[in-house]
Amino acid sequence: MKKIAMALAITLAIAACNQKSAGYSINGTLIGEVENGTKVYLKKTGEDNQPMDVDTTTVENGNFVFTGTAGTPELHFVFVDGLLGYAGVILENGQIELNAQKDSLGMATLKGTPQNDIFADYVEKSQAITQRARSIQKDMQTANTERDEASITALREEMSELQEEYQNFELDYIATNPNGLVSAMLIERGLMTGGIPVEKVKELYELLSQEIKETRTAKNILDRLTEAEEKAEREKNTDVGAKAPDFSGPDPDGKVLALNDVMGKVTLIDFWAAWCKPCRAENPNVVKVYEKYHDKGLHIIGVSLDKKAEDWKKAIADDGLVWNHVSNLAYFEDEVAKLYNVDAIPAAFLLDENGVIVAKNLRGPALEAKVAELLQ
């Protein structure tokens, strides 16, 4: 009977060890004097990309604790009242240890759970490269002060090599740590900044473990990939040589006006807004070209990204823009702007008599020269 009981106890102990922790505990230690009762906040990035509170605790004798239950791993941030900066921590079930100097929360050390161990490893290796970069920058300052051209050239080459090394380091880190949330975070950042090409992002995403693919970060990658592919498709549709997509919108009188209704031998689609200073600065030149070539077949349709009808109409009158205009008064959420992949203004598309885009974003003399060429 004793043997059976012992075997059962061993079996239960092994099963307990194999079970994932039912919740998390962040055990924080602050080195340096921090007054008891000081508030500590656990936050994460909300759907609006703004920090949102998850939990609050207090410091007691230099220590603080957060407890709870986590879903899929997600990056969180620890803020301490009265202290600068914050410490990043990946929230997952298990015992997480966070240690930081009170004056450098951003340099906190983490350990205790798989994701935080990987995160800490990445941070340590990344910081080592960053320190090398700072050393080069310091040497560069000295070389500049001494006007040592040979050293300046050598240091620039060294920095360029280090930048390439860092990029390769991150790509290699993703590939060798497919089960790390930090890998998904690096992919997302690379996609957002354009540092990693879309095709490479797809390749790296497929390397991620199934657990990581279920995280919010990985789902963001898929959403951004979809957006990038849609943007690429829209760019094809508005490249030089493509047939300009038709569109319609309300004119200043509220009547619906379509591009196909106002086409000329040459048509300029001009994206602008009353609040856009570069647009307003360019308007006199567009007026000049219109007055010179309208009788020969130049038509213009202005697409405003204004929000207020009164601002839009006043700018039309003030600048003497006597051609056709439409606006949904929706800023960059305007359907026409999205259709033409416009994310900055002024932007312009020049069409021939068949509605084919023959040039983009011409201004000043270049616009007049191209219009003159097309109307010969």
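This is a predicted model, so every value here is computed, not measured.

1. Re the overall build of the protein
Working step 1: Looking only at helices and strands, the protein has 11 helices and 15 strands in total.
Working step 2: With respect to the three principal axes, the spread of C-alpha positions in the protein is 105 × 65 × 45 Å.
Working step 3: By residue count, 40% of the 376 residues in the protein fall in the buried class.
Working step 4: Long-range contacts, defined as pairs at least 24 residues apart, comprise 61% of the intrachain contacts of the protein with a sequence gap of at least 6.
Working step 5: With the model as given, the accessible surface of the protein reaches about 21200 Å², and the carbon-plus-sulfur share is 50%.
Working step 6: Both charge centroids of the protein, one from 40 positive and one from 60 negative side chains, sit 1 Å from each other.

2. Here we look at helix 11 (residues 364-374)
Working step 1: For helix 11, the full list of buried residues reads Gly364, Leu367, Glu368 and Val371. Seen from one end, helix 11 has its buried residues packed into an arc of 95°, which puts them on one side.
Working step 2: Each element contacted by the buried residues of helix 11 is listed here: strand 11 (266-272), helix 8 (277-293), strand 12 (298-304) and strand 14 (347-351).

3. Describing the pattern of salt bridges
Working step 1: Tallying each qualifying case throughout the model produces 18 salt bridges.
Working step 2: As a salt-bridge pair, Asp319 and Arg280 come within 2.6 Å of each other at their nearest N and O atoms. Separated by 39 residues along the polypeptide, Asp319 in helix 9 (residues 309-319) and Arg280 in helix 8 bring together distant segments of the chain.
Working step 3: Assessed through its relative accessible area of 21%, Asp319 is described here as partly exposed.
Working step 4: In this structure, the salt-bridge partner of Lys338 is Glu333, at a minimum N-O distance of 2.8 Å.
Working step 5: If you follow the salt bridges from partner to partner, you end up with Lys44, Glu74 and Arg216 in one network.

4. As for the side chain of Asp352
Working step 1: Its place among the elements puts Asp352 in the loop between strand 14 and strand 15 (357-360).
Working step 2: It is Lys243 that comes nearest to the buried, bridge-free Asp352 among opposite-charge side chains, at 8.0 Å.
Working step 3: A polar atom in the side chain of Asp352 sits 2.8 Å from the backbone nitrogen of Asn354.
Working step 4: Among residues more than four places away in sequence, those in contact with Asp352 are Met263, Gly264, Lys265 and Val358.

Cut-off values and rules
Per chain, residue numbering runs from 1 following the sequence as it is written. Two thresholds apply to this predicted model, a pLDDT of at least 70 for residue-level local features and 80 or more for giving and counting side-chain atom pairs, whereas whole-chain, interface and lining totals are computed over all residues. Hydrogens and water molecules were not included; the side-chain quantities draw on all heavy atoms of the structure. By definition, any uninterrupted DSSP run of H or I lasting at least four residues is a helix, any uninterrupted run of E lasting at least two residues is a strand, and each is numbered from the N terminus. Per-residue accessibility, obtained with a 1.4 Å probe over protein chains only, is compared with the maximum for each type, and a residue is labelled buried under 20%, exposed over 50%, and partly exposed between these values. Residue contacts are counted whenever heavy atoms from the two residues lie within 4.5 Å of one another. Reported accessibility uses the Shrake-Rupley method at a 1.4 Å probe radius. Residues are deemed covered only where the shown protein chains occlude them. Working convention for charge: Lys and Arg count positive, Asp and Glu count negative, and His plus the chain ends are omitted. A charge is said to be at NZ when it belongs to Lys, at CZ for Arg, at CG for Asp and at CD for Glu. What the arc covers is the set of directions going from the helix axis to the C-beta atoms. Here, a salt bridge means any side-chain nitrogen of Lys or Arg that lies within 4 Å of a carboxyl oxygen of Asp or Glu. Identification of polar contacts relies on pairs of N or O atoms within 3.5 Å, with a donor-acceptor requirement for protein atoms, meaning one able to donate a hydrogen and the other able to accept it, and with residues adjacent in sequence counted only if both atoms are side-chain atoms.

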